[in-house]
Amino acid sequence: MASIGTKTYDSTSPLNVSFIGLGVMGFPMAGHLAQAGHAVRVYNRTPSKARDWVQEFGGSHAPTPREAAQDADMVFLCVGNDDDLRSVVLGADGALAGMKAGALLVDHTTASAKVARELHAAARDQEVAFIDAPVSGGQAGAVNGVLTVMCGGDAEAFERMKPVALAYSRAVTLIGESGAGQLAKMVNQICIAGLVQGLSEGIAFGQKAGLDMQLVLDVISKGAAQSWQMENRGATMVDGQFDFGFAVDWMRKDLGLVLDESRSNGARLPVTALVDQFYADVQQMGGSRWDTSSLIKRLG
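Residues numbered from 1 in each chain as written. Predicted model: local features only at pLDDT ≥ 70, side-chain atom pairs only at ≥ 80, totals over all residues. Heavy atoms only, no water.

*Asks:* In this structure, what is going on with the pairing of strand β9 (residues 169-176)? I would like to understand it.
*Replies:* As a general feature of sheets, a regular strand has side chains that alternate between the two faces. Here six bridges tie strand β8 (residues 147-152) to β9, and the two strands are oriented parallel to one another. Along β9, the bridge assignment pairs Met-150 with Thr-173. The β-α-β motif built from β8, the intervening helix α8 (residues 155-165) and the parallel element β9 has right-handed crossover chirality. (Pairing = 2+ DSSP bridges. Helix = DSSP H or I, 4+ residues; strand = E, 2+ residues; numbered from the N terminus. Right-handed = clockwise from strand over helix to strand, strands pointing away.)

Put into structure tokens, the structure is as follows:
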């Protein structure tokens, strides 16, 4: 399969599942569900993407989220933001309108904790369980089926979704009640923002000092400075390559969610707020679709 990597799947009972949202993350995630043996029906706002998915993986596609969700045991979502979520879940053509009582709705969108709680309540009113389950690992993690999933919701619903979600994940963890998955993803993005800025400054400093930065990174990655960002993006940052999936526009969306939440809970995030503005600088440089390691470009 061209869109996903090779993976050995744990044995699970085959289910009727729906996947709504076939972007750079959703397309391979749905593919892994199909390869793991589930009957998958997909929906995408651009129908041609859904047809492409069916051509590659089999299954079927539907013209609306409601029709995609009919008779599904589980419905998975991976769309852009809060408003996108409401548009595919709520209303006459939304997924909830087609879901049967006892089914499970799983949202992999990185969104606000507020909308997670809103959809949890709407699903409960229809006797549907809901899990907010944002992911980390980027496009490569989705393609290779090794995402990390942070979940919020009821324990019983979580235990139902976990073995299914492991088709495209390596770790699926219940953090707490509804909204906790989204809050955990915000913590993840806060940490990444600071790490990427520190790595950018370190590389830029070393380059100005005339050091062989590929050699320096090889050395310091064996010590206390080691991080995923250093091992996976350090060398490409030195080489000026910034085409690795998770775009600056998406990071700014995520950091906007973080900063909105911090205004509600009183958390002080001075470094995060500053890095968010640095990413705005990168956007002004024309780097909206560069990956997040492009922070170093503003230090050149």
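*Asks:* Where do I start with the environment of Gln-226 in this structure?
*Replies:* In this fold, Gln-226 is placed in the loop between α10 (213-220) and α11 (228-238). The exposure class assigned to Gln-226 is partly exposed, which follows from its relative accessible area of 37%. Contact partners of Gln-226, with chain neighbours within four places excluded, come to Ile-220, Ser-221 and Glu-231. (Buried < 20%, exposed > 50% of the residue type's maximum accessible area, 1.4 Å probe, protein only. Contact = heavy atoms within 4.5 Å.)

*Asks:* Would you explain helix α9 (residues 180-208) in this entry?
*Replies:* Note that an α-helix has 3.6 residues per turn; residues three or four places apart therefore point the same way. With 29 residues, α9 ought to run about 42 Å at 1.5 Å a step, and its terminal C-alpha atoms sit 43 Å apart, in line with that. Two residues or fewer after α9 comes Gly-210, characterised by a positive phi angle close to 80°. (Expected span 1.5 Å × (residues − 1).)

*Asks:* Teacher, can you tell me more about the nonpolar core here?
*Replies:* One recurring pattern in soluble globular proteins: nonpolar side chains tend to sit buried together. Counting 38 residues, the largest nonpolar core has Phe-19, Met-29, Leu-33, Val-42, Trp-53, Phe-76 and Met-161 as its most contacted members. The residues contacting Phe-76, other than those within four sequence positions of it, are Val-17, Ser-18, Phe-19, Ile-20, Leu-33, Val-106, His-108, Val-164 and Tyr-168. Ranked by size, the runner-up nonpolar core spans 23 residues in total, among them Val-75, Val-89, Ala-95 and Phe-130. (Core = buried A, V, L, I, M, F, W, Y, C linked by side-chain atoms within 4.5 Å.)

*Asks:* Would you take a moment to explain the packing of aromatic side chains for this structure?
*Replies:* How two aromatic rings sit relative to each other is set out by the distance from centre to centre and by the angle between their planes. Across all of its chains, the model carries six aromatic pairs by this definition. On the numbers, 5.2 Å between centres and 35° between planes, the contact of Trp-53 with Phe-57 is tilted. Placement of the pair is Trp-53 and Phe-57 together in helix α2 (residues 47-57), with a separation of four residues, close to one helical turn. In terms of burial, Trp-53 and Phe-57 fall into one category: buried. An aromatic cluster is built from Phe-19, Phe-76 and Tyr-168, whose rings are joined through pairwise contacts. Positioned over the ring face of Phe-278 is Arg-298, at 3.8 Å from the centre of the ring. (Phe/Tyr/Trp six-rings, centres within 6.5 Å; stacked < 30°, edge-to-face > 60°. Lys NZ or Arg CZ within 6 Å of the ring centre and 35° of its normal.)

*Asks:* It is not clear to me how unusual backbone geometry should be interpreted in this structure. Could you clarify?
*Replies:* Most peptide bonds take the trans form, and the phi angle of most residues other than glycine is negative. The residue Asp-71 is not glycine, and still its phi comes out positive at about 70°. Note that Asp-71 resides in the loop between α3 (65-69) and β4 (74-77). Since its relative accessible area comes to 55%, Asp-71 is described here as exposed. In this structure, Glu-127 is a non-glycine residue whose phi angle is positive, near 60°. Mapped onto the elements, Glu-127 comes out in the loop between α6 (113-125) and β6 (129-132).

*Asks:* Whenever I open this one, the pattern of salt bridges confuses me. Can you help?
*Replies:* Any two side chains of opposite charge can pair, given that their charged atoms come close. Using the criterion set out here, one finds eleven salt bridges in the structure. A salt bridge links Arg-66 to Asp-93, with the shortest nitrogen-to-oxygen separation between them at 3.6 Å. Here Arg-66 is found in helix α3, whereas its partner Asp-93 is found in the loop between α4 (82-89) and α5 (95-98), with 27 residues between them in sequence. Judged by its relative accessible area of 25%, Arg-66 falls in the partly exposed class. Across the pair Arg-160 and Glu-156 runs a salt bridge whose closest N-O atoms are separated by 3.1 Å. With Arg-160 and Glu-156 both in helix α8 and four residues apart, the pair spans about one turn of that helix. Arg-160 sits in the partly exposed class, given a relative accessible area of 28%. Linked by salt bridges that have partners in common, Asp-83, Arg-86 and Glu-118 make up one network. (Salt bridge = Lys/Arg side-chain N within 4 Å of Asp/Glu carboxyl O.)

The values reported here are purely geometric and, on their own, carry no functional implication.
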